[in-house]
Amino acid sequence: MFTRYSKIVIVWAIALHASLVVVNNLTDYDSNYWFVVHVLKMDTTFPDNLGTWRAIDASSVHHLLYWVIILVELAIAVLCWWGGARLFRAKGDALSFSQAKGIAIAGLTLGTVLWFTGFITIGGEWFLMWQSDVWNGSQSAFRLIVVFGIALLFLTRSDDALDA
């Protein structure tokens with residue numbers, strides 16, 4: 001039973017983190033908006049970089065992509081809060097608990113996709129964010145991917161053996 005509580009708490013801890021990210025992005029819009037702008041403009045990558053043909057200089061695209069990021073972060077928060085609540089309601093029975101994991105798994109998977117695909121793959125490799133000393137979110141994205149991945153592994157682990 002303690003393992004089920006642990007899984008619930010971890011899902012809710014991630015929900016809290018995602019919620020705070022959304023709050024920060026909305027209440028201090030400009031700080032993280034300028035992060036997105038500089039990554040997309042590729043204006044702090046290595047000088048004479050041959051990949052800068054990929055740069056996007058349109059402010060409407062910067063705002064659009066930033067809003068997509070915020071909305072995905074909001075979806076992660078909602079799915080993890082909701083998924084944790086479903087898990088909490090089903091905590092008394094291993095089969096019910098296992099069947100209730102889907103929403104939380106969706107939230108954790110979406111978080112992994114956002115921070116891996118959005119920040120590491122697209123931001124880091126396509127827009128060469130890794131070359132920037134100032135606007136480089138690769139390490140913080142990696143930390144989140146590790147947290148989401150470990151949480152996914154732990155959550156999806158069968159609870160049957162743990163009940164014995």
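Residues numbered from 1 in each chain as written. Predicted model: local features only at pLDDT ≥ 70, side-chain atom pairs only at ≥ 80, totals over all residues. Heavy atoms only, no water.

The chain has the name DUF2165 domain-containing protein in an unreviewed UniProt entry, where Caldilineaceae bacterium SB0664_bin_27 is given as its organism.

## Quick notes on the environment of Trp82
Within the fold, Trp82 resides in helix 3 (residues 59-89). Accessibility expressed as a relative area gives 44% for Trp82, which makes it partly exposed. Through-space distance from the C-alpha of Trp82 to that of Trp12 is 8.9 Å; in sequence the pair is 70 residues apart. (Helix = DSSP H or I, 4+ residues; strand = E, 2+ residues; numbered from the N terminus. Buried < 20%, exposed > 50% of the residue type's maximum accessible area, 1.4 Å probe, protein only.)

## Things to note about the layout of surface pockets
When its volume is computed, the largest pocket comes out at roughly 370 Å³. Put simply, the parts of the chain that give the lining of the largest pocket at least two residues each are helix 2 (29-41), helix 3 and helix 5 (102-126). No other element matches the seven residues that helix 5 contributes to the lining of the largest pocket. For the lining of the largest pocket, the residue count by class is 16 nonpolar, two polar and no charged. The calculated volume of the second largest pocket comes to roughly 320 Å³. Lining the second largest pocket are 15 residues, with Asn32, Glu73, Trp115, Phe119 and Ser140 sitting closest to its centre. Secondary-structure elements contributing two or more residues to the lining of the second largest pocket are helix 1 (2-27), helix 2, helix 3, helix 5 and helix 6 (138-156). (1 Å grid on protein atoms, 1.4 Å probe; cavity = no way out; pocket = protein on both sides within 12 Å on 5 of 7 lines; lining within 4 Å. Points joined across faces, edges and corners; volume = space filled by probe spheres on them. Nonpolar A, V, L, I, M, F, W, Y, C, P; charged D, E, K, R; others polar.)

## Regarding a nonpolar patch on the surface
A contiguous nonpolar surface patch, about 460 Å² in accessible area, is contributed by Leu26, Trp67, Leu71, Leu74 and Val78. With four residues, helix 3 is the single largest residue contributor to the nonpolar patch. Within the secondary structure, Leu71 is located in helix 3. (Patch = residues over 30% accessible without salt bridge, like charges linked within 9 Å, V, L, I, M, F, W, Y side chains within 5 Å. Areas by Shrake-Rupley, 256 points an atom, 1.4 Å probe, with all protein chains shown as cover. Salt bridge = Lys/Arg side-chain N within 4 Å of Asp/Glu carboxyl O.)

## Section: the nonpolar core
Formed by 39 residues in total, the largest nonpolar core has its most connected members in Leu87, Leu108 and Trp115. Of all elements in the fold, only helix 1, helix 2, helix 3, helix 5 and helix 6 reach the threshold of two or more residues within this core. Those residues in contact with Trp115, other than ones at most four positions away along the chain, are Glu73, Ile76, Ile120, Ala141, Leu144, Ile145 and Phe148. (Core = buried A, V, L, I, M, F, W, Y, C linked by side-chain atoms within 4.5 Å. Contact = heavy atoms within 4.5 Å.)

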